[in-house]
Amino acid sequence: MTLSPEEQARLERLVGTACRELPLLEAPRSLAARVAAQLQRRAAQPTWRAPFSQWSTGLRVAFVAVALVVMGATLSMSAGPGAHLITRLLAPLSRVLARLESTGALIGLLATLCRNLGISLLQDIPAFWLYGCAAGLLALYALLAGISATAYRTLYGTR
Amino acid sequence: MSAYQDMVYSTTARLLGDDAQAQDIAQDVFLKAYEHFEQIRTSGTVGGWLKTVATNLSLNHLTRHRRRWRLFSDLQRSGDCDSDDEPELDFAVPDTVLDGIAAEERHRTVENALRRLPEHQRVPLVLYHFEELSYQDIAQRLHVSLAKVKTDILRGRVSLARILVRAGPSDTHSETRQP
């Protein structure tokens, strides 16, 4: 840093003066219309699509009350005489889980077959080809990064 | 809204350096104001509230944008080290640099020069000279070191002064310090 403190102070004064005397930029005329349109669009949306903080107080209280009732009912049913009802309600779910389990076993078998096949293929392919493929992939990755960086510099870097 | 839209737009446009993004953020500012209408209507500091929200939303927007493009920005910065991005600081500015230019032309020149500054120089410079934040506050807001803020602002001033000298009367063009 080769500017002396006096020169830096002079530069600060100069830039400060230039900035202070700038008038406000005139906002585009479309800004007010855009805000109004956005507000209308929001007003046309149903209440439940608005953020929870924007719901009316009564609605928020009612929602919390209903949620508490549902939670309490669920807990009492699972611990008391309603437990049998819950088991019946969840029966379809347990059947689905059993099917998923058998599907998982099948997928595991297929994965084992693929792995064995891959190992035998890898043993047959010369190492030169494997290293060549890896180098090719790295070169393609570098090329993609280079193209992306050039695109960024062209599209955004000049702004 | 009409009383404050120029102020809000100026804040977002100078921080972001881009008209389209500035309009988007200014719109968000007024939507937030609408959401907090009851709160700010009675506060009596509507202008200050709007300016603070405009500054915060602009900085948030820049942070998101920076995160998204960090890799490429780094690539760009390392590739552009010899450009105007990091100007030589060995540069003296004549006091009369702004004297010979008509006010309107001067305003346009300064606004354009601000927009041409790289983001890491423009943002702290605007926060210091327009929002009147201290170096310490700027460092906290931007999550960078105090030294970096000072350096970036100084480099921003030098860049700005260079542009002003180039745009100024012809007799000031050669008034750079000789080694």
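Since this is a predicted model, take the numbers as computed values, not measurements.

**Some remarks on the overall build of chain B**
Of regular secondary structure, chain B possesses 9 helices and 0 strands. Helices (α) and strands (β) of chain B occur, in sequence order from the N terminus, as α-α-α-α-α-α-α-α-α. Across the 179 residues that make up chain B, the buried fraction comes to 36%. Expressed as a percentage of contacts within chain B between residues at least 6 apart in sequence, the contacts between residues at least 24 apart total 69%.

**Some words on helix 1 (residues 5-20) of chain A**
Residue and element names in this part refer to chain A. Given a rise of 1.5 Å per residue, 16 residues ought to cover 22 Å, and the 22 Å separating the end C-alpha atoms of helix 1 matches this to within 8%. Along helix 1, the positions that sit buried rather than exposed are L11, L14, V15 and A18. Taken end-on, helix 1 shows its buried residues confined to a sector of 90°, consistent with a single buried face. Turned more than 90 degrees away from the buried face of helix 1, the exposed residues are P5, E6, A9, R13, T17 and R20.

**Description of the confidence of the model for chain A**
Close reading of the predicted structure is inappropriate where its pLDDT is low. Confidence in the prediction of chain A, expressed as mean pLDDT, is 83, and 92% of residues score 70 or more. Considering each helix and strand of chain A separately, the mean pLDDT is smallest for helix 4 (residues 83-124) of chain A, with a value of 81, and largest for helix 5 (residues 127-155) of chain A, with 90.

**A few points about unusual backbone geometry**
All names here are of chain B. Unusually for a residue other than glycine, E132 sits at a positive phi of about 55°. Structurally, E132 is set in the loop between helix 7 (119-129) and helix 8 (135-142). For E132, a count of 10 C-beta atoms within 10 Å gives the class exposed. With a phi angle near 55°, H143 is a residue other than glycine that sits in the positive phi range. Residue placement: H143 occurs in the loop between helix 8 and helix 9 (146-167).

**Quick look at helix 1 (residues 5-16) of chain B**
Helix length check: helix 1 of chain B (12 residues) gives 16 Å between terminal C-alpha atoms against 16 Å at 1.5 Å per residue, within 8%. Across the 12 residues that make up helix 1 of chain B, a large majority, 10, are buried.

**Points about the packing of helix 7 of chain B against helix 8 of chain B**
The axes of two packed helices give the description: the angle between them and the distance between them. All names here are of chain B. One can describe the packing of helix 7 onto helix 8 by two numbers: an axis separation of 10 Å at closest approach and a directional angle of 135°. Relative to helix 8, the element helix 7 lies oblique. Where helix 7 crosses over helix 8, the two elements pack in a sense that is right-handed. Counting all contacts with helix 7, which are made through V123, P124, L127 and Y128, the residues of helix 8 involved are I138, R141 and L142.

**Some words on the nonpolar core**
Core analysis: the largest hydrophobic core is formed by 42 residues, its most contacted members being V8, Y9, A26, V29, L50, A54 and A161 of chain B. Elements with a minimum of two residues in this core: helix 1 and helix 2 (30-44) of chain A together with helix 1, helix 2 (19-35), helix 4 (46-68), helix 6 (103-116), helix 7 and helix 9 of chain B. With 8 residues, the single largest contributor to this core is helix 9 of chain B. Taken domain by domain, this core gets at least three of its residues from each of domain 1 (5-68) and domain 2 (82-172) of chain B. Those residues in contact with A54 of chain B that sit more than four places away from it in its chain are V8, T11, T12, A26 and V29 of chain B.

What counts, and where the lines are drawn
Residues numbered from 1 in each chain as written. Chains lettered and ligands numbered in written order. Predicted model: local features only at pLDDT ≥ 70, side-chain atom pairs only at ≥ 80, totals over all residues. Helix = DSSP H or I, 4+ residues; strand = E, 2+ residues; numbered from the N terminus. Buried ≥ 20, exposed ≤ 12 C-beta atoms within 10 Å, placed from the backbone. Contact = placed C-beta atoms within 7 Å. Expected span 1.5 Å × (residues − 1). Arc of directions from axis to C-beta. pLDDT = per-residue confidence, 0-100. Axes fitted to C-alpha atoms, helices over the stretch in contact; angles between N-to-C directions. Parallel < 35°, antiparallel > 145°, perpendicular 65-115°, else oblique. Left-handed = near helix turned anticlockwise from the far one by under 90°. Core = buried A, V, L, I, M, F, W, Y, C linked by C-beta atoms within 7 Å. Domains from an automatic or database assignment.

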